[in-house]
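Breakdown of the fold
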Amino acid sequence: MTSPRGGDRRLATLVDDLVPHLPSPGVLRVPAAARPAHFAARRATLPPATPLVVVARNDDEAHRLADDLTAWIGADHVRTLAERAALPLERALPEHDESADRLEALAALAGHRQRMVIVAPLLALVQRTLGVEQLRAARTVVTVGARIDQRGLLTALVDGGYEAAVEVSGVGEFASRGGIVDVWPPGAREPLRIDLFGDEVESIRAFDPMTQGSRRRVTEVTLLPASEFLPAGGWASIASSVPARTEQIAADLVRLEQGDVAEAAETWAALLTAGPAADHLPIGAYVVLTDPAELAALATDLDGQALERRDGLVSAGELPAAWPLPYDAAATLAALGGRAAERVDEQEGGDAGYRAAPILPGRADHIAAWLIDEVGADAATVITTDQASRIGELLEAAGRTVAPAAELREAPPRGAIGLVHGSLTGGLSHPASGLLLLSDRELFGATRIRRLASAKKVVTRDLIGKLAPGDLVVHVDHGIARYVGMTQRAFSGAIKEYLQLDFDGDDKIFLPADQIGRITRYSGGAGPALSKLGGGDWERTKRRVRRAVDDLARELLAIYAAREDAPGFAFSADSTWQRELEESFPYTETPDQARSIEEVKADMLRRRPMDRLVVGDVGYGKTEVALRAAFKAVQDGRQVAVLVPTTVLAQQHLHTFQRRLAAFPVRVAMLSRFVPKREQERILGDVEDGSVDILIGTHRMLSRDIRFADLRLLIVDEEQRFGVAHKERLKQLRTEVDVLTLSATPIPRTLHLSLVGIRDLSVIETPPEARLPIQTRIAEDDDGLVRDAINRELDRGGQVFYVHNRVENIEAAAERVRRLVPRARVAIGHGQMAEGMLERVMVDFSEGSTDVLVCTTI
């Protein structure tokens, strides 16, 4: 990601008030939440062509800081130089998106754009890349009306690391058809189509990578190189710089001299690249080091990890002993320290005048009184929140009218309150200027989720699964068989293709390829017996299935007929609060998600009880669909039940619902085995008298002792994971309430009911924009690699699943992790543990109490 989402400068007017109180550069004490404001003020004092470079500890911290900076100076002036995810010396295919984002940020830095701010984690500056002159020389500018040699353009793209493709669908790809060249360069939000008439550029148009249809026209485009691994002396010069050769190195050289980096990129980084990305910082850049002591410790760790990794590869015979290290983090940090104009820390140094913002004591419905009576008396209070309209209503009810705004036009005077739509990581107090800035963190205890850039970098396409030899199939006439493969046989003088299907024993048939429609892929339980040709077993099986289907159909028809006749409840149209909640969603809804939300709300407006299935992969936004439906029901004074299969999921939903609904008078409670008995009894009483608006629970919520005051919406998450007894209880509820079912993998019966129209269906198949792809590495088991991978994840504040599918020695695997990474908090989870103990382990991991979970495929 090269720049945060959003071009707004909603707090820009406050910068002028901070500038007069800026301390002299040096070692300063600046709380983390105040750093965006401080850097925005410092930037305002720099000469126009001087970039401000902020060195952060890790990638997540850099992105949060850059995201908050957009509220002060706008996204056009902020770039993030991201890390490459690969481990040092790791053999892995380079990620085009990573290099493209980094090169775009470095190009923006070299362009001397007015007061550019570059935020970079230390590792991003340490990792090696193209040289400054290389990057400048590899740029290709294409202008409408100019003359250009098409062959020369294609050669420049290949030399720049672009990959040829039939259709351009990702950054770093190009395609050529006649006089048309399609290309997706770094920094572009969408691919570009260059139309040539002879050697003249007739037009340049952006196009949709999904439909390949043209969109807007542009007059000029700069094509940056797509790879960081382009040797300055050319590919042929690589061999002379190799210190010695192992079998692996010799094989790499053959590919590299053909211009194919393949998975050798990080291993060869020291030989393929000119130097660290820090070399791209201009001489006059204003460099800021954040938390210098932690940066120094991090540099030592990075160098130690690289050295251990190289020693392990040398011992394994994969690298020669004199192989160069991929970077020298300590030396790079020392060079940055020599240029640093400022060091900011939360603990040490001179006082920069910033203080932590006060936190709202008590419930959210006390916001107005707290703001008026205690906060706003001696300061100019600015509130930036996703719930601006809601807070405006509360202030108006308390006698203080404050109109929410998208951008703060002028700083409010002391004692006044300004209300701005948006969100920040945290607020600050600056007594010298009289500014008090509050965010959702201080008001609702919610930590802002980093918003991803809206550029769609990768296009995913559905792939039709193909049969592979060994797959089980079902023949409509003969039953279950094993597909062996395709074969050719002569029949009536002609050679035709057949599918060989093996049945029980030595039985087999050859199915003509044009009759493939008579078989389907087997999708039942594991390990079925193959059918025997010629017997009556398969016919008897089909008769039993027909009877079962008839019984099920009669049962379902009775249920759904009762639902059609049931006196449902028609919920009200969207209210102001509904719109506020939806505006506070910290991501951009995908088209599928937005459509599903509207379909659910449309169902709720009808008097007929809703029964809708929402299907979508994990992380595609099903929970947000359910949350908006639940809030809609609560606004009409009705209760909502959210049924989930596991305690961990119940806990996650509780946190999500409480965080998103914190600004509204909605009470959310949870029932599970981890809720103490006395607390459960109190919740049951509150549910019965209507005090609880939304109840989230596991199977415990289906007990007979639960009585709702007015339940009107039932949300079932992953219905397929409930047993028969639980579903019988659900059937009794279905005729009385609106039902919304969420599933990533619906059971065939549930899905079939939706497909034939008995149940309504919404499908979310579009992934969130700029969702980071899963990166898969296949490598030989190695202590150094495991240590580096876990350390890298812990350094960025993440967690690790360590999958080990042998329960008998899983303790030894956990002990290995503890030995390799002593600082990690390690827990064990597997299917043979007591259910309550396993749930406790999973909840602890979900809540962040554990760093590494060594587990089976639970």
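Our subject in this report is the structure included herewith. Computed from a prediction, not measured in an experiment: that's the story for all the values here. (Residues numbered from 1 in each chain as written. Predicted model: local features only at pLDDT ≥ 70, side-chain atom pairs only at ≥ 80, totals over all residues. Heavy atoms only, no water.)

Let's talk about the overall build of the protein chain
Helix and strand counts for the protein chain stand at 25 helices and 36 strands. Here the contacts in the protein chain between residues at least 6 apart in sequence split such that 74% fall between residues at least 24 apart. If you sum the accessible surface of the protein chain, you get close to 38700 Å²; carbon and sulfur atoms cover 51% of it. (Helix = DSSP H or I, 4+ residues; strand = E, 2+ residues; numbered from the N terminus. Contact = heavy atoms within 4.5 Å. Areas by Shrake-Rupley, 256 points an atom, 1.4 Å probe, with all protein chains shown as cover.)

As for a positive patch on the surface
On the surface, a cluster of positive charge is made up of Arg-543, Arg-544, Arg-546 and Arg-547. By the secondary structure assignment, Arg-546 is in helix α15 (residues 537-565). (Patch = residues over 30% accessible without salt bridge, like charges linked within 9 Å, V, L, I, M, F, W, Y side chains within 5 Å. Salt bridge = Lys/Arg side-chain N within 4 Å of Asp/Glu carboxyl O. Lys, Arg positive; Asp, Glu negative; His and termini not counted. Charge placed at Lys NZ, Arg CZ, Asp CG, Glu CD.)

Topic: the sheet that holds strand β30 (residues 694-697)
Sheet architecture is open: seven strands sit in the order β29-β30-β28-β31-β32-β27-β33, paired in parallel fashion. Single-partner strands in this sheet number two, and they are β29 (668-671) and β33 (760-764). On average, adjacent strands in this sheet sit at an angle of 20° to one another, irrespective of strand direction. Where strand β28 (residues 639-643) lies against β30, four bridges are found, and the strand directions are parallel. (Pairing = 2+ DSSP bridges. Axes fitted to C-alpha atoms, helices over the stretch in contact; angles between N-to-C directions.)

A look at the sheet that holds strand β35 (residues 826-829)
Pairing within the open sheet is parallel, and its three strands lie in the order β34-β36-β35. Across the chains shown, the open sheet's two edge strands, defined by having one partner strand only, are β34 (800-803) and β35. Strand after strand, the sheet turns through a mean of 25° between neighbouring axes, direction not considered. In this fold helix α25 (residues 835-846) packs onto β34, β35 and β36 (852-855), with an angle of close to 150° to the strand it touches most, β36.

Notes on the pattern of salt bridges
With the rule as written, the count across this model stands at 53 salt bridges. For Glu-263, the salt bridge is made with Arg-91, and the minimal N-O distance between the two is 3.8 Å. Of the two residues, Glu-263 is situated in the loop between α8 (247-256) and α9 (269-272) and Arg-91 in the loop between β3 (78-80) and α4 (96-110); the sequence distance between them amounts to 172 residues. When its relative accessible area of 19% is taken as the criterion, Arg-91 is described as buried. The shortest N-O distance in the salt bridge between Arg-595 and Glu-599 comes to 3.5 Å. Placement of the pair is Arg-595 and Glu-599 together in helix α17 (residues 591-605), with a separation of four residues, close to one helical turn. Among the residues examined, Arg-595 registers a relative accessible area of 36% and is labelled partly exposed. (Buried < 20%, exposed > 50% of the residue type's maximum accessible area, 1.4 Å probe, protein only.)

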